[in-house]
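Overview (structure and organization)
Below, each chain spelled out in residue letters.
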Amino acid sequence: MAPRASWKGYLKLSLVSCPIALYPAASSSERVSFNRINKKTGNRLKQQLVDAETGETVEKEDIGRGYEIGKGQYLQVEDDEIEKIRIESSHTISIDTFVARTEIDDRYIGDPYYIAPTDKVGQEAFAVIRDAIRDKAMVALGRVVLSRREQVMMLEAFDKGLLATTLRYSYEVRDQAPYFEDISDLKLPADMKELAAHIVDSKTSHFDPSTFVDHYETALVGLLRAKQVGHVTEAPKEEPVPHRVINLMDALRASIGADTKKKPAAASSKARAGAAASAKRKTGR
């Protein structure tokens, strides 16, 4: 089945444009999820919206949108009124500027999307824009309306297409000062820094996301499998609380070589997804 696009429109660089589609580049569908149920009957619960004043259930056709303009006073806005708001970024991602990727603070990074052309006629124009971004070794910034909100998008060449990432607005990123103000400015001894550097060197590797394992998800799948066959899951032993470091130099020295045993290979993402899918099938999800 072909992937479903989140948005369709045009990509524009100056007078060059082409039809494109946006596809989510990340998914959480493989995670184990639960439904709310009635513990007495085992039946799934149905959510209902209730009038806050009368306590009566409101039918779907009577549910609307309201903007609070006073205590208990709401300005009603119809869906078709919102749909009439059409700005350029509703249908076109227009590239405004190019910047160095290193200039973008990682706190502003949001959700990733793939961008691909939607027809063969527009592929040449798409390739021109993609290669211009790649050749300059920069990222492009544009805007697009997603879920009734204009998002700033960072575009970079990725494989044969483009990788677009939403960027947060400045008012959405919290200033770090209040969180770090109690951290003292310390001048560390050279030998202490050398020992820490040695530990870092011994643990240096290459980024490989397939080695990441969600241990909580794995334990959750194990719980579901055990319950299906009637096994009672015992509470795990309490994890010992880490000792407070008294002598930092001794702790650093002890850390060197403490992790020499080879760790077991992590399960691949495909294997983890298969385990989660298997649990869902067995539980009727």
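Residues numbered from 1 in each chain as written. Predicted model: local features only at pLDDT ≥ 70, side-chain atom pairs only at ≥ 80, totals over all residues. Heavy atoms only, no water.

A look at the side chain of Thr166
Within the element layout of this structure, Thr166 appears in strand S10 (residues 161-167). You can call Thr166 buried: its relative accessible area is 8%. Among the polar contacts made by the side chain of Thr166, one reaches the main-chain amide nitrogen of Asp111 at a distance of 2.8 Å. Excluding residues that lie within four positions of it along the chain, Thr166 makes contacts with Tyr108, Ile109, Gly110, Asp111, Tyr113, Gln151, Val152 and Met153. (Helix = DSSP H or I, 4+ residues; strand = E, 2+ residues; numbered from the N terminus. Buried < 20%, exposed > 50% of the residue type's maximum accessible area, 1.4 Å probe, protein only. Polar contact = N/O pair within 3.5 Å; in protein donor to acceptor, adjacent residues only side chain to side chain. Contact = heavy atoms within 4.5 Å.)

Topic: the confidence of the model for the protein chain
Looking at the protein chain as a whole, its pLDDT mean stands at 84, while 87% of the residues score no less than 70. Element-level pLDDT for the protein chain is lowest in helix H7 (residues 269-282), with a mean of 50, against a maximum mean of 97 in S10. Ignoring residues within four places in sequence, the model shows residues 261-269, a span with pLDDT below 50, making seven contacts including any to other chains. Between residues 281-285, whose pLDDT stays under 50, and residues either more than four places distant or in other chains, the model counts six contacts. (pLDDT = per-residue confidence, 0-100.)

Considering the pairing of strand S9 (residues 149-158)
The sheet contact formed by strand S8 (residues 139-146) and S9 spans seven bridges and is antiparallel. Along S9, the bridge assignment pairs Leu141 with Met154. Between S8 and S9, which pair antiparallel one after the other, the connecting turn spans two residues, and Ser147 there sits at a positive phi close to 50°. Here S9 runs beside S10; their pairing, made up of seven bridges, is antiparallel. Among the inter-strand pairings, Leu155 is bridged to a residue of S10, identified as Ala164. Connecting S9 to the antiparallel partner S10 that follows it, the hairpin turn spans two residues, and Asp159 within it adopts a positive phi of roughly 55°. (Pairing = 2+ DSSP bridges.)

Regarding the packing of helix H4 (residues 190-202) against helix H6 (residues 248-255)
The interhelical angle for the contact between H4 and H6, taken along N-to-C directions, is 25°, at an axis separation of 9 Å. Judged by the inter-axis angle, H4 sits roughly parallel to H6. Along this stretch, H4 crosses H6, giving a crossing that reads as left-handed. Residues Asp191, Met192, Leu195, Ala196 and Ile199 of H4 pack against Leu248, Met249, Leu252, Arg253 and Ser255 of H6. (Axes fitted to C-alpha atoms, helices over the stretch in contact; angles between N-to-C directions. Parallel < 35°, antiparallel > 145°, perpendicular 65-115°, else oblique. Left-handed = near helix turned anticlockwise from the far one by under 90°.)

Structural notes on the pattern of salt bridges
Using the criterion set out here, one finds nine salt bridges in the structure. One salt bridge in this structure joins Asp106 and Arg101, with 3.4 Å as the shortest N-O distance. With a shortest N-O distance of 3.0 Å, Glu172 and Arg149 are connected by a salt bridge. In this pair, Glu172 sits in the loop between S10 and helix H3 (177-180) while Arg149 sits in strand S9, placing the two residues 23 residues apart along the sequence. A relative accessible area of 34% places Glu172 in the partly exposed class. (Salt bridge = Lys/Arg side-chain N within 4 Å of Asp/Glu carboxyl O.)

A closer look at a nonpolar patch on the surface
On the surface, a cluster of nonpolar side chains totalling about 360 Å² of accessible area is made up of Tyr67, Ile69 and Leu75. Assignment of secondary structure puts Ile69 in strand S3 (residues 65-70). (Patch = residues over 30% accessible without salt bridge, like charges linked within 9 Å, V, L, I, M, F, W, Y side chains within 5 Å. Areas by Shrake-Rupley, 256 points an atom, 1.4 Å probe, with all protein chains shown as cover.)

Observations regarding the nonpolar core
Counting residues in each nonpolar core, the largest one holds 20 residues, and the members touching the most others are Leu11, Ile20, Leu22, Ile93, Ile115 and Leu155. For this core, the secondary-structure elements that each account for two or more residues are strand S1 (7-13), strand S2 (16-24), strand S7 (109-117), helix H2 (123-135), S8, S9 and S10. In terms of residues, this core owes the most to one element, H2, which gives four residues. (Core = buried A, V, L, I, M, F, W, Y, C linked by side-chain atoms within 4.5 Å.)

A short note on unusual backbone geometry
Positive phi, close to 60°, is recorded for Ser14, a residue that is not glycine. Relative to the assigned elements, Ser14 resides in the loop between S1 and S2. In this model, Asp159 sits at a positive phi of 55°, which is unusual for a non-glycine residue. Relative to the helices and strands, Asp159 is located in the loop between S9 and S10.

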